[in-house]
Protein chains: 2
Amino acid sequence: MTESGNKSDWRERKKAATRRSIQGHAMRLFLEKGYDATRVEEIAAAAGVSIMTFFRYFPTKEHVAAEDDYDFLIARLVEDSADGEPLVGRIHQALRGGLAQIYATDRQALLDRTRLILTTPALQGRMWQNQAVTQQHIVRALSGETVDKDGELRLKVQVAASFAIATVAMLEWAAAPEEGELPDRIDKAFAAFDEGARKG
Amino acid sequence: MTESGNKSDWRERKKAATRRSIQGHAMRLFLEKGYDATRVEEIAAAAGVSIMTFFRYFPTKEHVAAEDDYDFLIARLVEDSADGEPLVGRIHQALRGGLAQIYATDRQALLDRTRLILTTPALQGRMWQNQAVTQQHIVRALSGETVDKDGELRLKVQVAASFAIATVAMLEWAAAPEEGELPDRIDKAFAAFDEGARKG
DNA sequence: TTCTCACATGTTAGTGACTCACACTTGGAG
DNA sequence: CTCCAAGTGTGAGTCACTAACATGTGAGAA
């Protein structure tokens with residue numbers, strides 16, 4: 001079986017499966033009994049691994065709940081969006097597009113996760129950190145388009161503000177999902193910002 | 001000495017002193033040896049109290065480093081600012097004024113604290129949480145000015161974006177304080193946002 | 001003054017997240 | 001078959017944080 005491109009994607013697949021198993025059982029338990037009331041010992045047992053193995057896959061208990069694979073997607077979409085337009089608009093569209101994509105297959109998971117974060121203070125901090133990392137990614141990727149220091153600041157500020165707006169939308173959605181779906185809420189949030197900027 | 005208004009502000013003052021002592025020694029140790037390398041036990045010993053007492057004054061180790069008494073001030077300034085103007089402008093001015101005030105007496109402490117947060121991932125999460133709380137305060141305080149649901153969203157979005165902008169300014173300042181003082185950096189950040197919103 | 005209550009603090013024994021050093025198992029290559 | 005390496009388990013330990021209970025010390029009532 002040496003014909004498959006990589007030396008041993010056997011192991012890779014097994015590791016991915018273990019990872020998914022841990023994360024799946026963790027989320028299930030978090031939703032069932034709450035984040036704090038769930039010990040990593042339980043998660044490990046449910047996934048059929050030892051505590052040590054749990055920590056080899058996830059650096060902290062928080063990471064299992066707050067890690068998002070979407071950051072990379074969003075960052076790429078922003079990068080690929082057309083230059084020239086106002087940056088806030090580009091980010092708005094990238095977020096909208098990326099979330100619609102995620103939404104199509106993982107709506108419930110995204111909702112569950114966001115609600116869990118919303119009700120667990122410890123996870124909120126981790127969420128913001130994740131966002132900060134994504135923002136830095138985007139700023140670094142886009143800083144090629146500009147050269148001067150003022151442009152750099154403009155970039156950072158625009159990205160930060162855009163993410164703040166999107167986060168409001170996301171939290172509002174998680175708090176009351178029956179009042180409208182996420183892509184709409186994103187649009188509404190950005191619209192509300194434009195509106196407010198003009199007439200206070 | 002019973003003429004002083006309250007029954008026993010003696011105790012109050014002593015508690016305040018203990019609190020300041022703990023916080024002072026904590027910050028000193030954090031700056032000397034780093035946040036992670038400083039055990040609560042050391043802080044307590046330095047302040048001459050037990051570990052238990054430490055936790056009675058501060059719910060977590062993070063709180064000693066990331067707690068800011070400025071939130072209340074900022075929130076009040078925003079509330080008191082003139083209605084009618086665009087909200088982002090009001091928050092900008094309130095932040096500017098409040099920080100200038102803090103700045104006059106506590107510049108170095110503010111810088112130290114911000115740098116500590118900047119270099120300690122665990123504290124960044126706490127910082128964002130603090131900001132979220134302040135934002136909610138402001139939104140609640142100002143939601144009297146508006147009634148409808150759209151106005152509420154507008155409020156939340158404007159406040160979140162404004163704080164995001166201000167935070168960029170603060171972090172930039174902490175990363176390179178020699179490139180300009182904080183109030184200026186705040187102005188520049190808001191200016192950079194306006195600029196970027198128009199010409200991308 | 002003295003008794004006593006309230007409140008701040010200390011002590012001890014935990015729990016749970018997370019780490020480190022080391023031993024064991026097992027699939028795959030020579 | 002043997003040896004290597006990667007994945008995993010074990011056990012002991014650190015540190016943040018908590019709960020139950022004991023102690024000391026002002027302050028007001030008797």
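All values reported here derive from a predicted model rather than from experimental measurement.

Details of the UniProt feature "DNA-binding region" (unreviewed entry) in chain A
According to UniProt, the feature "DNA-binding region" (unreviewed entry) maps to residues 39-58 of chain A in the numbering used here. Secondary structure content for residues 39-58 of chain A is 75% helix and 0% strand, while the C-alpha to C-alpha distance between its ends is 14 Å.

Quick word on the interface of chain A and chain B
Interfaces are frequently sized by the accessible area removed from exposure as the parts join. With 32 residues of chain A in contact, the opposing surface of chain B contributes 32 residues. Both faces combined, the contact of chain A with chain B buries some 2800 Å², and carbon together with sulfur accounts for 67% of it. By the criterion of area lost to chain B, the three top residues of chain A are Arg154(A), Val157(A) and Phe193(A), representing 20% of everything that side buries. Summed over the shared surface of chain A and chain B, the number is six salt bridges. A salt bridge links Lys149(A) to Glu179(B); its shortest N-O distance comes to 3.4 Å. Linking chain A with chain B are six residue pairs in polar contact (both at pLDDT 80 or more), by the criterion used here. The set of elements that each furnish at least two residues to the side of chain A that touches chain B consists of helix H6 (87-118), helix H7 (121-142), helix H8 (149-175) and helix H9 (182-199) of chain A. Looking at the side of chain A that touches chain B element by element, the count peaks at twelve residues for H8(A).

Digging into the protein's contact with DNA strand D
Within the structure, DNA strand D sits among 16 residues, and Ser50(A), Thr53(A), Arg56(A), Tyr57(A) and Lys61(B) are positioned closest to it. When the atoms of DNA strand D within 4 Å of the protein are grouped by moiety, sugar and phosphate amount to 66% of the total. At 3.4 Å from a phosphate oxygen of DNA strand D is found a main-chain nitrogen or oxygen belonging to Val40(B). A distance of 2.6 Å separates a phosphate oxygen of DNA strand D from a polar atom in the backbone of Lys61(B). Where the surface near DNA strand D is concerned, the elements lending two or more residues are helix H1 (9-33) and helix H3 (51-57) of chain A together with helix H3 (51-57) of chain B. In terms of residue count, the dominant contributor to the surface near DNA strand D is H3(A) (four residues). Of the residues contributing to the surface near DNA strand D, the split by class is seven nonpolar, four polar and five charged.

Looking at the layout of surface pockets
The computed volume of the largest pocket comes to approximately 1300 Å³. Broken down by secondary-structure element, the contributors of at least two residues to the lining of the largest pocket are H6, H7 and H8 of chain A together with helix H7 (121-142) and helix H8 (149-175) of chain B. Taken as a whole, the second largest pocket spans an internal volume of roughly 440 Å³. As for the second largest pocket, its lining consists of 19 residues, and the residues nearest its centre are Phe193(A), Ala197(A), Phe193(B), Asp194(B) and Ala197(B). Secondary structure elements with two or more residues in the lining of the second largest pocket: H6 and H9 of chain A together with helix H6 (87-118) and helix H9 (182-199) of chain B. A per-element tally of the lining of the second largest pocket places H9(B) first, with six residues. Residue composition of the lining of the second largest pocket, by class: eleven nonpolar, four polar and four charged.

Focus: the packing of aromatic side chains
Counted under the stated rule, the structure contains ten aromatic pairs over all chains. Taking 5.7 Å as the distance between ring centres and 75° as the angle between the ring planes, the aromatic pair formed by Phe193(A) and Phe193(B) counts as edge-to-face. With Phe193(A) in helix H9 and Phe193(B) in helix H9, this residue pair bridges two chains. Exposure remark for Phe193(A): the relative accessible area of 6% places this residue in the buried category. Between the aromatic rings of Phe30(B) and Tyr35(B), the centroid separation amounts to 4.9 Å while the plane-to-plane angle is 55°, which identifies the pairing as tilted. In this structure Phe30(B) comes out as buried when scored by relative accessible area, which is 1%. Note on Tyr35(B): relative accessible area 7%, which makes it buried. Through successive ring pairs, a cluster of aromatic residues spans Phe54(A), Phe55(A) and Phe58(A). Its end group placed over the ring of Tyr35(A), Lys61(A) keeps NZ or CZ at 4.5 Å from the ring centre.

Conventions used here
- Residues numbered from 1 in each chain as written.
- Chains lettered and ligands numbered in written order.
- Predicted model: local features only at pLDDT ≥ 70, side-chain atom pairs only at ≥ 80, totals over all residues.
- Heavy atoms only, no water.
- UniProt positions renumbered as here; feature names shortened; annotations may be inferred.
- Helix = DSSP H or I, 4+ residues; strand = E, 2+ residues; numbered from the N terminus.
- Contact = heavy atoms within 4.5 Å.
- Buried area = accessible area lost by both parts, 1.4 Å probe.
- Salt bridge = Lys/Arg side-chain N within 4 Å of Asp/Glu carboxyl O.
- Polar contact = N/O pair within 3.5 Å; in protein donor to acceptor, adjacent residues only side chain to side chain.
- Near = heavy atom within 4 Å.
- Nonpolar A, V, L, I, M, F, W, Y, C, P; charged D, E, K, R; others polar.
- 1 Å grid on protein atoms, 1.4 Å probe; cavity = no way out; pocket = protein on both sides within 12 Å on 5 of 7 lines; lining within 4 Å.
- Points joined across faces, edges and corners; volume = space filled by probe spheres on them.
- Phe/Tyr/Trp six-rings, centres within 6.5 Å; stacked < 30°, edge-to-face > 60°.
- Buried < 20%, exposed > 50% of the residue type's maximum accessible area, 1.4 Å probe, protein only.
- Lys NZ or Arg CZ within 6 Å of the ring centre and 35° of its normal.

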